[in-house]
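Spelled out, the chains give:
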There are 2 protein chains.
Amino acid sequence: MKERCDLLIRNIACLVTAAGGKRGPLSNPKWEDLGVVENGAVAIRRGKFVAVGTTAEVESRISITPKTKTLSGRGRLVLPGFIDPHTHFLFVGTREEEYAMRVEGVDYLEIRRRGGGIRKTVRAFRAASDEELLDAGRRRLDSFLAYGTTTVEGKSGYGLTTEEEIRALRLMAQLNDTHPIEVVPTFLGAHEIPEEYEGRTGDYVRLVIDEMIPRVRGLARFCDVFCEKGVFEIEESRAILDAGKRHGLLPKLHAEEFVSIGGGELAAEVGAVSADHLLAVTEEGCAAMARSGTIAILLPGTAIGLAKRVFADVERMRRNALPIALATDCNPGSSFTESMSVVLSLACSLEGLTLPEAILGATRNAAAALGLLDSIGTIEVGKKADCILLRATHPAAIPYRFGTNLVETVVKNGLPIRRRRRPNLVGPTV
Amino acid sequence: MKERCDLLIRNIACLVTAAGGKRGPLSNPKWEDLGVVENGAVAIRRGKFVAVGTTAEVESRISITPKTKTLSGRGRLVLPGFIDPHTHFLFVGTREEEYAMRVEGVDYLEIRRRGGGIRKTVRAFRAASDEELLDAGRRRLDSFLAYGTTTVEGKSGYGLTTEEEIRALRLMAQLNDTHPIEVVPTFLGAHEIPEEYEGRTGDYVRLVIDEMIPRVRGLARFCDVFCEKGVFEIEESRAILDAGKRHGLLPKLHAEEFVSIGGGELAAEVGAVSADHLLAVTEEGCAAMARSGTIAILLPGTAIGLAKRVFADVERMRRNALPIALATDCNPGSSFTESMSVVLSLACSLEGLTLPEAILGATRNAAAALGLLDSIGTIEVGKKADCILLRATHPAAIPYRFGTNLVETVVKNGLPIRRRRRPNLVGPTV
């Protein structure tokens, strides 16, 4: 019997399923791993893909009923919805004046001394009402969606008290329930040492381990730490991640962003799902991560946000067969963007990722970096029907047409959400 | 008597007039040169600014009639419309597959051998109907406008025969007449040596000088040359620009993009309005340009389009008091974007421009680079009412929030054009 379907997208000029090659996250992917289908189609029923292939194949397998909605993919590129596996999107207050200072050469310690940095956002977060945070979060999720992202990881870490960290995770759960985007929550109590614990890092680490982690159990999927020289060092990071594991939180790690202190090795040792940033990761760190199945999440947006020409050593990751994912790192300090497309531009042009690496990095490997590759990240029968239609016919168009948004329609859980194509010209043209 | 007004924008959180400091284009601008007004307002009548200042000042000078339209600037940043002084926007056919090759390390000569490069776009241009070119041009201008650009320079140079070059300029004139954006036409017959003149550069230069230039008189404001080793060298470029001057075309120059051959000095010698690219410009070239009043137009988008980490030496330009403008270089080969905002992000974060340099580079100095600073480029009484409202309250937000579009309303010649704020959520949220 033929499968019924609610939504059929057919005659897709270029369908990128991201499902080619062997299963699972891929290192050193090739073009064939993109799973490109010309004149492709996807059929969706009850929020899942039920047929994927050429238009002829799909149409032979499904039955179209009067209730079937169809979309034309003519002249369009279709991809899995972008998955953004590293963001700090739930915040209020922006810090563009710090960006202006950085561009003029003022360093982070001086910015922090002047009342800026993460602690400024912590003060704003604590002072904000739930409504203000929800409103800011909702607007930001709208923007992610408009740029084609259908799943967003979101970290706590601007509360830095037990109650405020719980509040961040509860609000993210509320946003997840009320917004089309799926929000995957990460507990990041160890994002920064809060002002009131200045000089008492050990006390704060004990608070995270003894009080916060037991209480955020069930509210977060992951436990993350900003592991960096002078912030949370290796021993402290290990203790926090181990405590998280005991309470069912999967480990993730901000590792080797500025200085190499063994963050890659620690990520591997604790079996982290991902280690993120990695601008200073060593050969040994890469090798250990590859052995442990830890995904490298690169965040090239920080080159813009921090105004520094420092880029990941992608060749080192390739040599060690380390799968790479990409993320925006959306946050008000070091990388304020909701666009995975611009991240792909920076990744390909400035870090040297190939197109297959970048496309899989924003879809399939990003899903793996959230432990969700069974349900999202590729366009395959049985997976959630999250996909995007772009005004392009080749996947390279995404990074190539940098700084603009080619996404025309976002399909989330099988429901199409359209963007307006052109500005609204009010009055006669002149 | 009080001035009547058609459009009043008031209570602007941050009005950047770009009109501070001394008159004219500026080198080494400071924050005060941005001319920031808090709680600002602008009044517009018959397409021109008639009052600019604080809301109180402006309201005391104008009379509001029932026909006056008002816009609130609360929580908004207002700037002069962006001016993009270097584009090749009139083309058909994209070249993303070449971008994918470049990312994998294939060089331009190999891409050209495989049928790519500028000549591919020349073939597509020649094969396209007027309607196809107008349609592509119109869509691209819509995109420029959506990203806040109100004046676009556009170059010919994909025709490379006398008739096709004239066609390019005629079509740009037609777009200028029918689209809100003002298109400033530049003749660039010397963009590349066409296939049919391979090995006969001298013959092609004579065609440009003897036949094309006399015939494009009146259709173009500027004459430009792609002056580069192996393409049009110094002697040939000088001859073409001199011929242009004899026919009333102001000189511009693609100079010192890859190799230093004296393009900066030539620009100064011929009195070019601008010299563009300049990644390899010498100290002497900068000094000569500064003396001759030639503006440096930087095109940092080529770092993305060409996938090369090569950036302008901004410090050298500062030392020589050279005014800097910014442009997208929008073209299907080396830089495909219509967004001046992303260019500002690249300019500030990767080339090290300060915020005042970047903002004036996209407005006031860009107007000067088109010889149009008398009528556009700043928000001043008597100038054309071209301005943009952005969802931000600080000019640094533009480069800081990279890869996304903060522009909400574009006012062109006094007429407001609104962008839609959010994606259209079809059906219930899930």
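Not measured: the values here are computed from a predicted model.

A. Spatial organisation of the overall build of chain A. For chain A, the helix and strand inventory stands at 16 helices and 18 strands. At 21 Å, chain A has a C-alpha radius of gyration in line with the 22 Å of a compact globule built from 430 residues. Dimensions of chain A along its principal axes, counting C-alpha atoms only, are 65 × 55 × 40 Å. Looking at chain A as a whole, 66% of its 430 residues are labelled buried. The long-range fraction of contacts in chain A, counting pairs at least 24 apart against all pairs at least 6 apart in sequence, stands at 73%. Here chain A displays about 14,400 Å² of accessible surface, and carbon together with sulfur accounts for 49% of that area. Put simply, chain A has 56 plus and 55 minus side-chain charges, and the middle of one group is 8 Å from the middle of the other.

B. Quick look at the relation of the copies chain B and chain A. If you rotate chain B by 180 degrees and push it 0.0 Å along the axis, it lands on chain A with an RMSD of 0.0 Å. Here the symmetry operator amounts to a two-fold rotation axis. By C-alpha distance to the rotation axis, the residue of chain B lying nearest is Gly403(B), at 2.3 Å. In this assembly, 97% of the residues forming the interface of chain B have copies in chain A that are likewise at the interface, indicating an isologous arrangement.

C. The arrangement of the sheet that holds strand β14 (residues 295-298) of chain A in detail. Residues and elements named next belong to chain A. On the basis of which strands lie adjacent, the open sheet formed by 8 strands has the order β8-β9-β10-β11-β12-β13-β14-β15 and parallel pairing. Edge strands, defined here as strands with exactly one partner in the open sheet, are β8 (82-84) and β15 (324-326). Shown here is a sheet whose adjacent strand axes are inclined to one another by a mean of 25 degrees, direction ignored. Two strands pair when backbone bridges link them, and β14 and β15 are joined in this way by 3 bridges, in the parallel orientation. Bridge pairing in β15 links isoleucine 297 to alanine 325.

D. A look at the sheet that holds strand β11 (residues 222-225) of chain B. Residue and element names in this part refer to chain B. Here we have 8 strands laid out as an open sheet, ordered β8-β9-β10-β11-β12-β13-β14-β15, and parallel in their pairing. Only two strands of the sheet have a single partner each, and these edge strands are β8 (82-84) and β15 (324-326). Ignoring strand direction, the axes of neighbouring strands in this sheet form an average angle of 25 degrees. Across the sheet, helix α7 (residues 201-216) is in contact with β10 (182-190) and β11; its angle to β10 comes to roughly 150 degrees.

E. Summary view of the interface of chain B and chain A. With 73 residues of chain B at the interface, the matching set in chain A holds 71 residues. Taken over both partners, the interface formed by chain B and chain A buries close to 6,000 Å², and the fraction arising from carbon and sulfur atoms is 64%. For the salt bridge of Glu338(A) with Arg401(B), the shortest nitrogen-to-oxygen distance reads 3.5 Å. Between the two partners, chain B and chain A, sit 19 residue pairs in polar contact (both at pLDDT 80 or more). Residues belonging to the side of chain B that touches chain A are distributed by class as follows: 34 nonpolar, 21 polar and 18 charged.

F. View of helix α10 (residues 283-292) of chain A. Residue and element names in this part refer to chain A. For α10, the set of buried residues is Gly285, Cys286, Ala287, Ala288 and Met289. Buried residues along α10 sit against α9 (263-269), β13 (274-277), β14 and α12 (314-319). One or two residues past the end of α10 sits glycine 293, with phi positive at roughly 75 degrees.

G. Structural context of the environment of Val37(B). All names here are of chain B. Within the element layout of this structure, valine 37 appears in strand β3 (residues 36-45). Under the relative-accessibility criterion, valine 37 is labelled buried at 17%. For valine 37 and valine 16, which are 21 residues apart along the polypeptide, the C-alpha to C-alpha distance reads 6.5 Å.

H. Focus on the domain arrangement of chain A. Residues and elements named next belong to chain A. Taken domain by domain, chain A consists of domain 1 (3-80 + 377-419) and domain 2 (83-368). A straight line from the C-alpha centre of domain 1 to that of domain 2 covers 29 Å. The interface of domain 1 with domain 2 comprises 35 residues on the first partner and 29 residues on the second. At the boundary of domain 1 with domain 2, total buried surface from both sides reaches about 2,500 Å², with 67% on carbon and sulfur atoms.

I. Geometry of the confidence of the model for chain A. Residue and element names in this part refer to chain A. Of all residues in chain A, 97% have pLDDT values of 70 or greater, and the mean over the chain is 95. Confidence drops under pLDDT 50 across residues 421-430; counting only partners more than four residues distant or on other chains, this segment forms 29 contacts. Interface confidence for the predicted complex, given as ipTM, is 0.96, next to a pTM of 0.97.

J. Spotlight on the nonpolar core. Phe187(A), Ile240(A), Met317(A), Phe187(B), Ile240(B) and Met317(B) are the most contacted members of the largest nonpolar core, which has 222 residues in total. Every residue in contact with Phe187(B), bar those within four places of it in the chain, is listed here: Ser156(B), Glu165(B), Leu169(B), Val208(B), Met212(B), Ile213(B), Val216(B), Ala220(B), Phe222(B), Cys223(B), Asp224(B) and Leu249(B).

K. Structural detail: the state of the cysteines. By the definition in use, this model includes 0 disulfides over all chains. There is no disulfide at Cys223(A), and the cysteine sulfur nearest it, in Cys227(A), is 12 Å away. Relative accessible area serves as the criterion here: at 0%, Cys223(A) is assigned to the buried category. Lacking any disulfide linkage, Cys286(B) is separated from the closest cysteine sulfur, that of Cys227(B), by 15 Å. Judged by relative accessible area, Cys286(B) falls into the buried class, the value being 0%.

L. Spotlight on the packing of aromatic side chains. Scanning the model with the defined rule gives 14 aromatic pairs over all chains in all. Measuring from ring centre to ring centre gives 6.4 Å for Phe91(A) and Tyr158(A), while their planes differ by 75 degrees; the resulting arrangement is edge-to-face. Here the residue Phe91(A) occupies a position in the loop between β8 and α2 (96-103), and Tyr158(A) occupies one in the loop between β9 (149-155) and α6 (162-178), the gap between them amounting to 67 residues. The burial state of Phe91(A) is the same as that of Tyr158(A); both residues are buried. Each residue in the set Phe91(A), Tyr99(A), Tyr158(A), Phe336(A) and Tyr400(B) is aromatic and connected to the rest through ring pairs, giving one cluster. A cation sits over an aromatic face here: Lys252(B) above Phe222(B), 4.9 Å from the ring centre.

Thresholds applied
- Residues numbered from 1 in each chain as written.
- Chains lettered and ligands numbered in written order.
- Predicted model: local features only at pLDDT ≥ 70, side-chain atom pairs only at ≥ 80, totals over all residues.
- Heavy atoms only, no water.
- Helix = DSSP H or I, 4+ residues; strand = E, 2+ residues; numbered from the N terminus.
- Rg over C-alpha atoms; globule rule 2.2 N^0.38 Å.
- Buried < 20%, exposed > 50% of the residue type's maximum accessible area, 1.4 Å probe, protein only.
- Contact = heavy atoms within 4.5 Å.
- Areas by Shrake-Rupley, 256 points an atom, 1.4 Å probe, with all protein chains shown as cover.
- Lys, Arg positive; Asp, Glu negative; His and termini not counted.
- Charge placed at Lys NZ, Arg CZ, Asp CG, Glu CD.
- Least-squares fit on C-alpha atoms with pLDDT ≥ 70 in both.
- Pairing = 2+ DSSP bridges.
- Axes fitted to C-alpha atoms, helices over the stretch in contact; angles between N-to-C directions.
- Buried area = accessible area lost by both parts, 1.4 Å probe.
- Salt bridge = Lys/Arg side-chain N within 4 Å of Asp/Glu carboxyl O.
- Polar contact = N/O pair within 3.5 Å; in protein donor to acceptor, adjacent residues only side chain to side chain.
- Nonpolar A, V, L, I, M, F, W, Y, C, P; charged D, E, K, R; others polar.
- Domains from an automatic or database assignment.
- pLDDT = per-residue confidence, 0-100.
- Core = buried A, V, L, I, M, F, W, Y, C linked by side-chain atoms within 4.5 Å.
- Disulfide = S-S within 2.5 Å.
- Phe/Tyr/Trp six-rings, centres within 6.5 Å; stacked < 30°, edge-to-face > 60°.
- Lys NZ or Arg CZ within 6 Å of the ring centre and 35° of its normal.

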